[in-house]
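# Architecture at a glance
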Amino acid sequence: MKTKADRTDEASLVRPKYYEVDGALRANANRAWLLAFLTIPIALAAIGFAVSVRMQPPTVIRIGPNGDASVVGKPAKGSVTDLATAGTDQFLDEAFVKRFLTSYQTTHVRRGRSLAASLNMMTRNLRGYTLKAMADDNTRGKIDDGQIQSVFHLRELDAVSGEPLTYLIYGVKDVHHLSNGTEVTDHFVNEYRIRVIADKRSDTNPDGLWIAEYSERPIDGERRNQILNAPDTITSSETAANQGGQ
């Protein structure tokens, strides 16, 4: 029969030594620390990836007139043209020219605002030349003295072949003024030549376009009657929208 002392000796033989238990605990702790340090670069990489994705601009897909899709801001395959660059979209270029000419040729109660908007669409040198010519001719004084109001009707807009961003525009300017207490309406049929220059788009110039050259000349004869009787290219609603946004 085993005594109490014998059972104590057997238990001590089965129980692991104290240094073995301590070593196992230290090994488990080392593994935990190693895993913790390995997760740090993984977490940093995940945060960096999330930030980079967040900072990238959204992908905008433009559908062309022929149904072809292209990503705005990236040149199409085999093309050297960047769609985000001004002066590469015919529709936007023509809309810019129409907006300028309609604003510049229209005289009404808000003439100051529309004139300022159209002058701000010019290059600096053309703007200075235009302001000097208007001051020398006393254009503003003549408009105020005669209570002149005018409405511009754009009839035709054609791109000049061989000259990039250059347009010939034909339009009718209806000028209403008072003469001895009677309202008189004059119809001026002119040809306008406008050249646009492209620039980088910015917050101050989202169009990325400037009016670089502007000239006009009257049209007579059969061509005048043809333009005078032609329908408008810009509808009255579009004209109101252009003036309302200025």
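Going by the structure above, here's the rest.
Counting from 1, residues in each chain are numbered in the order their sequence is written. Since the coordinates come from a predicted model, pLDDT governs what is reported: local features require at least 70, and pairs of side-chain atoms require 80 or more to be given and counted, while whole-chain, interface and lining totals use all residues. Side-chain measures here rest on the full set of heavy atoms in the structure, leaving out hydrogens and waters.

### Regarding the sheet that holds strand E6 (residues 209-218)
Defined as follows: Two strands pair if DSSP finds at least two bridges between them. Numbering of helices and strands runs from the N terminus; a helix is a DSSP stretch of H or I covering at least four residues, while a strand is a stretch of E covering at least two. Only the stretch in contact is used when fitting a helix axis, every axis being a line fitted to C-alpha atoms; angles between N-to-C directions are given from 0 to 180 degrees. Contacts between residues were defined by any pair of non-hydrogen atoms, one from each residue, lying within 4.5 Å.
With antiparallel pairing, 4 strands are arranged side by side in an open sheet as E3-E4-E5-E6. For this open sheet the edge positions go to strand E3 (149-159) and E6, each flanked by a neighbour on one side alone. Sheet twist, expressed as the mean angle between neighbouring strand axes with direction ignored, is 25°. Strand direction decides the pairing type here: strand E5 (residues 182-198) and E6, joined by 9 bridges, are antiparallel. Bridge assignment links Arg 195 to a residue of E6, and that residue is Glu 213. Packed on one face of the sheet, helix H3 (residues 90-105) meets E3, strand E4 (166-179), E5 and E6 and runs near 55° to E6.

### Notes on a nonpolar patch on the surface
Going by this rule: Like-charged residues within 9 Å of one another, or nonpolar side chains (Val, Leu, Ile, Met, Phe, Trp, Tyr) within 5 Å, are grouped into patches, provided each residue has over 30% relative accessible area and no salt bridge. Values of accessible area rely on a 1.4 Å probe in the Shrake-Rupley scheme; residue burial ignores everything except the protein chains shown. Each salt bridge in this description consists of a side-chain nitrogen of Lys or Arg and a carboxyl oxygen of Asp or Glu lying within 4 Å of one another. Exposure classes here rest on a 1.4 Å probe applied to the protein chains alone. A residue is buried below 20% of its type maximum, exposed above 50%, and partly exposed in between.
A contiguous nonpolar patch, built from Trp 33, Phe 37, Ile 40, Leu 44, Ile 47, Val 51 and Met 55 and spanning about 820 Å² of accessible area, is present on the exposed surface. Among the structural elements, Val 51 can be located in helix H2 (residues 18-55). For Val 51, a relative accessible area of 43% puts it in the partly exposed group.

### Brief notes about the nonpolar core
Our working definition: We define a nonpolar core as any set of buried Ala, Val, Leu, Ile, Met, Phe, Trp, Tyr and Cys residues linked to one another through side-chain atoms lying within 4.5 Å.
In this structure, Phe 100, Leu 101, Ile 169, Ile 194, Val 196, Ile 211 and Tyr 214 are the most contacted members of the largest nonpolar core, which totals 23 residues. Residue assignment for this core shows that the elements contributing at least two residues are H3, helix H4 (111-119), helix H5 (124-137), E3, E4, E5 and E6. Ignoring anything within four residues of it in the chain, the contact list for Val 196 reads Phe 96, Val 97, Leu 165, Tyr 167, Leu 209, Trp 210, Ile 211 and Ala 212. Formed by 5 residues, the second largest nonpolar core is a distinct cluster that contains Val 172, Val 189, Ile 219 and Ile 227.

### Quick word on the pairing of E3
Where E3 meets E4, 10 bridges bridge the pair, whose relative direction is antiparallel. Across the sheet, residue Ala 159 finds its bridge partner in E4, namely Tyr 167. Turn length for the E3-E4 hairpin, with the two strands adjacent in sequence and antiparallel, is 6 residues, and the turn residue Gly 162 shows positive phi of about 85°.

### A few points about unusual backbone geometry
Its identity is not glycine, yet Leu 165 carries a phi of approximately 55°, on the positive side. For Leu 165, the location among the structural elements is in the loop between E3 and E4.

### Some words on the packing of aromatic side chains
As a reminder, the rule being used: Only Phe, Tyr and Trp rings take part, Trp by its six-membered ring, and two of them pair if their centres are within 6.5 Å. Stacked means planes under 30 degrees apart, edge-to-face means over 60, and tilted covers everything else. Only Lys NZ and Arg CZ are tested; either one counts as a charge over a ring when it is within 6 Å of the ring centre and within 35 degrees of the ring normal.
Considering all chains together, one arrives at 6 aromatic pairs under this definition. Ring centres 6.0 Å apart and planes at 80° place the aromatic pair Phe 100 and Tyr 214 in the edge-to-face group. Of the two residues, Phe 100 is situated in helix H3 and Tyr 214 in strand E6; the sequence distance between them amounts to 114 residues. An aromatic cluster is defined as three or more aromatic residues linked by ring pairs; in this entry it consists of Phe 100, Tyr 104, Phe 152, Tyr 192 and Tyr 214. One residue, Arg 223, lies across the ring of Tyr 170, its end atom 4.6 Å from the ring centre.

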